[in-house]
Amino acid sequence: MTSGQFEGATPIPSRFLRRLGPVATIALAQLFGTSLWFSANSATDTLMTSWQISAADIGWLTNAVQGGFILGTMIMALGGLAERYRASLIFVVSAACGALFNACFAWFSEGLASGIVFRFLVGLSLAGIYPVGMKLIVSWAPERTGQALAQLVAMLTLGTALPHALREAGADLPWQYVILASSLLALFGAVLIHLLGDGPHLPGAGQKKQSSGTGSERPLTVFDAFKVNRFRAAALGYFGHMWELYAFWTVVPLLVANTALISEYSAVGLSGMAFSIIGIGALGCLVGGFLSRRIGSAKVAVGALASSCVCAVVFALFWRDLPAMWLGILLLAWGATVIADSPQFSALSAQACPKEVVGAALAIQNSIGFAITVVSIAVTTALFDRIGLDAAWLLVPGPIVGLLGFAWASRRASTFETDA
């Protein structure tokens, strides 16, 4: 660590951050910041009753966040904001804004329409938290990107599950207080990143140049990343994974509530089971990060994506017949594998693209991926209202297409490298 790493920090925070380390600090800030993402979903049952809305409407609340995130990441990538400003500054401002809009959702939403507006603004703010957190990881630990990003996405997963745990812990409190707790956590995450700052391993703002081979230089753009076959392979795998991931996270409370789990394990509670199924994905990410150091990110990503596909197929086929215990084990396995591939695909993307545009490249990859989630969430929740748990079949095509796309683009990359 450099001597100026924690410049401006008071002695006590400085000692705390040195002991914690930059990767763990960023991961912890990510945990707190991304607790904003599914804060509204922790109140699914209450909102459906008090606002008289359906499962499809809950899907629209989730999609409002996704839509805001997509717009934010597009602005970040195409406007060059991810490279023009310090990543730590973007993270801090975004976390503070997200905390504010999340609090507004809790206290000023009067129904679905106003709720969608505030959730959209939360999603817009998250565009400066998640992909920027990945850039911060690369700036501090480029030599172990797969494992470091696994820690980051593990915290994203726990952040996604955290509102369900807060809801279970505060079951007797109004739902607004649970959502406000997520806002306070996001503010704490902003403080951590403010004290940490940027790492030393990425170019500063305005340094995006690429030799043209004629002695002149031209600015790099995010589209240069898509000219790299290995980046395209990772992106295609990531897009297939995204079709499944957020739709699954959205319907987890509905899966639990409409199976034998809710009656068999009523003591755990709906929110407790949802937290467990989503939160175990953090363990999946950490195991995947450990394995990536030994067998490589590509094998971990493909293995996890194939495993989650198998879980989706088994659930869709046998949810009526499986005993509650085995159904719970299946959902836990699905929750662990459905996210474990994400950091490895992102690591492969970060390693493949020019490092001068890594922030923009990850942002545009996120933007396209989350645009895909809008479709999968809307279709899955709408179909759930019509055919119930058989809607799980809609999650299966994503992993299959992702695996095929990754294999196709990887083969092209190998062919090109061999011919070269």
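Preceding block: the structure.
Residues numbered from 1 in each chain as written. Predicted model: local features only at pLDDT ≥ 70, side-chain atom pairs only at ≥ 80, totals over all residues. Heavy atoms only, no water.

**Q** So what about helix H4 (residues 55-78)? Which residues, and what values?
**A** In a regular helix each residue adds 1.5 Å, so 24 residues correspond to 34 Å; H4 covers 34 Å between its end C-alpha atoms and thus fits that length. Looking one or two residues past H4, Gly80 carries a phi angle of roughly 75°, positive in sign. (Helix = DSSP H or I, 4+ residues; strand = E, 2+ residues; numbered from the N terminus. Expected span 1.5 Å × (residues − 1).)

**Q** Can you break down the environment of Ser308 residue by residue, with the values?
**A** Here Ser308 lies in helix H14 (residues 297-318). Given a relative accessible area of 0%, Ser308 falls into the buried group. Between the C-alpha atoms of Ser308 and Ala340, which are 32 residues apart in sequence, the distance is 9.2 Å. Among the polar contacts made by the side chain of Ser308, one reaches the side chain of Glu244 at a distance of 3.0 Å. (Buried < 20%, exposed > 50% of the residue type's maximum accessible area, 1.4 Å probe, protein only. Polar contact = N/O pair within 3.5 Å; in protein donor to acceptor, adjacent residues only side chain to side chain.)

**Q** Describe the packing of helix H11 (residues 229-257) against H14, listing the residues and the values that go with them.
**A** Between H11 and H14, whose axes approach to 11 Å, the crossing angle comes to 40°. By the criterion of interaxial angle, the relationship of H11 to H14 is oblique. Classified by chirality, the crossing of H14 by H11 is left-handed. On H14, the residues that touch Gly237, His241, Glu244 and Leu255 of H11 are Leu305, Ser308, Cys309, Ala312 and Phe315. Within the contact of H11 with H14, the residues separate by chemical class into five nonpolar, three polar and one charged. (Axes fitted to C-alpha atoms, helices over the stretch in contact; angles between N-to-C directions. Parallel < 35°, antiparallel > 145°, perpendicular 65-115°, else oblique. Left-handed = near helix turned anticlockwise from the far one by under 90°. Contact = heavy atoms within 4.5 Å. Nonpolar A, V, L, I, M, F, W, Y, C, P; charged D, E, K, R; others polar.)

**Q** Any details on unusual backbone geometry? Residues and values, ideally.
**A** A positive phi angle, close to 55°, is found at Gln52, a residue other than glycine. Structurally, the position occupied by Gln52 is in the loop between helix H3 (44-50) and H4. Judged by relative accessible area, which is 67%, Gln52 ranks as exposed.

**Q** I'd like to hear about the packing of helix H13 (residues 270-295) against helix H15 (residues 324-340), residue by residue, with values.
**A** With their axes 7 Å apart at the nearest point, H13 and H15 run at an angle of 50° to one another. The angle between the axes of H13 and H15 places the two elements in the oblique class. Every pair of crossing elements has a handedness; the one defined by H13 and H15 is right-handed. Contacts between H13 and H15 pair Ser276, Ile277, Ile280, Gly281, Gly284 and Cys285 from the former with Leu331, Leu332, Gly335, Ala336, Ile339 and Ala340 from the latter. Looking at the contact of H13 with H15 residue by residue, the class counts come to eight nonpolar, four polar and no charged.

**Q** Describe in detail the environment of Val228, supporting the description with residues and values.
**A** Looking at the secondary structure, you find Val228 in the loop between strand S2 (217-219) and H11. Considering only alpha carbons, one finds Val228 and Ala352, 124 residues apart in sequence, at a separation of 7.1 Å.

**Q** Outline the packing of aromatic side chains, supporting the account with residue identities and numerical values.
**A** Enumeration over the complete set of coordinates arrives at 17 aromatic pairs. Taken together, a centroid distance of 5.0 Å and an interplanar angle of 40° make the contact between Trp37 and Phe69 tilted. Pair noted here: Trp37 is in the loop between helix H2 (22-33) and H3 and Phe69 is in helix H4, with a separation of 32 residues, a long-range link. Centroid distance Phe69 to Phe370: 4.2 Å. Interplanar angle 50°. Geometry classified as tilted. Here Phe370 lies in helix H17 (residues 358-387) and Phe69 lies in helix H4, a separation of 301 residues in the sequence. Grouping residues by exposure puts Phe69 and Phe370 together as buried. (Phe/Tyr/Trp six-rings, centres within 6.5 Å; stacked < 30°, edge-to-face > 60°.)

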